[in-house]
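Examination of the molecular architecture
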Amino acid sequence: MKLHNFIVLTVVLLLSTQELLAGNARDLAQPSAIKSTITVPTSTTSKMTVIAPIRQGNVSAGLVATPGRTTVQKPTLPSRQVIARPRGAGPNLIVSVKYERDVCPADESRLRKNTFNARCDLIVTVKNVGDVPTDSENGSISISLMYYNYRNSLQREVLHINNLGINQKRVIVYDRFNLRDFRRTATITVFVDTEKLITETNENDNRAVFDLM
């Protein structure tokens, strides 16, 4: 009786084991219905923003943002202002007078006592120190040389020179033979542009006074 029960239990166990093994074999033979999906991450490229160098001075460069790219604006150069040079103030004549040598003795006249004659030429210099050339209508500038002789009579000679440019000068030699019969205290006066035909920035420096002895 016991043997019969043991045999029945063994047969039941064997059948259960075979059914389990057959089920596993079917599962292994059947293809998988679910496929694995590999997700590739989307690569994000970070674009480098190029900034244009800014020049020294009033020069600027800006960036313009547009979809998908960055555009660099051209530098804006400062506008150049045209500065007009101011016109000159005007001409200005000055005059000076001296002997041709530092010391020039005078000879006393044989005819009259205390009356003298020059032994050296007189040098007269006229210069335009203004910032505009002279514009005399007749193209010349008058120069007057005056002194009083022993009779107190006015001796006068008028000379002319051409218009003068900026910082230009003229030298006039007044002959010594024209300087005669003057007293010891006599002086010579030189005027330039006596008629004031030229409009100058300074009208008060057109005269020079020189002691003859």
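Scroll up a little and you will see the structure.
What comes next is a walk through the structure. Just so we're clear, the structure is a prediction, and the values are computed from it rather than from any experiment.

All right, on to the overall build of the protein then. Counting secondary structure elements, the protein contains one helix and 11 strands. Secondary structure elements of the protein occur, N-terminal to C-terminal, as α-β-β-β-β-β-β-β-β-β-β-β. For the protein, buried positions account for 27% of its 213 residues. In the protein, once contacts between residues fewer than 6 apart in sequence are set aside, the share between residues at least 24 apart is 61%. As displayed, the protein has an accessible area near 16700 Å², and 54% of this comes from carbon and sulfur atoms.

Before going further, it helps to spend a moment on the pairing of strand β3 (residues 93–99). Burial of the side chains of β3 is restricted to one face: L93, V95, V97 and Y99 are buried, whereas none of I94, S96 and K98 on the reverse face is. Note that β3 and strand β6 (residues 122–128) share seven bridges and pair antiparallel. Its bridge partner being in β6, I94 is matched across the sheet by K127.

Okay, unusual backbone geometry next. We note that N152 has phi near 60°; this positive angle belongs to a residue other than glycine. For N152, the location among the structural elements is in the loop between β7 (140–148) and β8 (154–162). Look at N152 and you get exposed, because its relative accessible area is 62%. Positive phi is not limited to glycine here, since N167 has a value of about 60°. Accessibility expressed as a relative area gives 52% for N167, which makes it exposed.

Counting residues in hydrophobic clusters, the biggest one holds 30 residues, and the most contacted among them are V126, L179, F182 and L212. Contributing elements (two or more residues each) for this core: β3, β5 (116–118), β6, β7, β9 (169–174), β10 (187–192) and β11 (207–211). What L212 contacts, discounting residues up to four positions off in sequence, is Y99, Y147, L179, F182, A186, T187 and I188.

Now for the packing of aromatic side chains. Summed over all chains, the structure comprises two aromatic pairs. Ring geometry for Y147 against F182: centres 6.4 Å apart, planes inclined by 90°, an arrangement best described as edge-to-face. One end of the pair, Y147, is in strand β7; the other, F182, is in the loop between β9 and β10, and 35 residues separate them in sequence. The exposure class assigned to Y147 is buried, which follows from its relative accessible area of 4%.

This brings us to the pattern of salt bridges. Throughout the structure, instances matching the rule amount to four salt bridges. In this structure, the salt-bridge partner of E203 is K196, at a minimum N-O distance of 3.8 Å. A relative accessible area of 28% places E203 in the partly exposed class.

Next up on the list: the sheet that holds β11. Strand order in the open sheet made by the four strands is β8-β7-β10-β11, with antiparallel pairing throughout. Here the strands that pair on one side only, and so sit at the sheet edges, are β8 and β11. Averaged over all adjacent pairs, the angle separating strand axes in this sheet is 15°, with direction ignored. In this sheet, β10 lies alongside β7 in antiparallel orientation, the contact comprising four bridges. Bridge pairing in β10 links I143 to V192.

The next thing to look at is the sheet that holds β3. Read from one edge of the open sheet, three strands run β3-β6-β9, paired in antiparallel fashion. Looking at strand neighbours, the two that pair on one side only are β3 and β9, the edges of this open sheet. Recorded for the sheet is a direction-independent mean angle of 15° between the axes of neighbouring strands. Judged from the six bridges that link them, β6 and β9 form a sheet pairing that is antiparallel. Bridge pairing in β9 links V124 to I172.

With that settled, the discussion passes to the side chain of N92. Within the secondary structure, N92 is located in the loop between β2 (69–72) and β3. Exposure remark for N92: the relative accessible area of 9% places this residue in the buried category. There is a polar contact of 3.3 Å between the side chain of N92 and the side chain of D205. Beyond its immediate stretch of four places on either side in the chain, N92 contacts K127, N128, V129, G130, E200, T201, N202 and D205.

Thresholds, definitions, all that
Residues numbered from 1 in each chain as written. Predicted model: local features only at pLDDT ≥ 70, side-chain atom pairs only at ≥ 80, totals over all residues. Heavy atoms only, no water. Helix = DSSP H or I, 4+ residues; strand = E, 2+ residues; numbered from the N terminus. Buried < 20%, exposed > 50% of the residue type's maximum accessible area, 1.4 Å probe, protein only. Contact = heavy atoms within 4.5 Å. Areas by Shrake-Rupley, 256 points an atom, 1.4 Å probe, with all protein chains shown as cover. Pairing = 2+ DSSP bridges. Core = buried A, V, L, I, M, F, W, Y, C linked by side-chain atoms within 4.5 Å. Phe/Tyr/Trp six-rings, centres within 6.5 Å; stacked < 30°, edge-to-face > 60°. Salt bridge = Lys/Arg side-chain N within 4 Å of Asp/Glu carboxyl O. Axes fitted to C-alpha atoms, helices over the stretch in contact; angles between N-to-C directions. Polar contact = N/O pair within 3.5 Å; in protein donor to acceptor, adjacent residues only side chain to side chain.

Shape descriptors only; they carry no functional weight alone.
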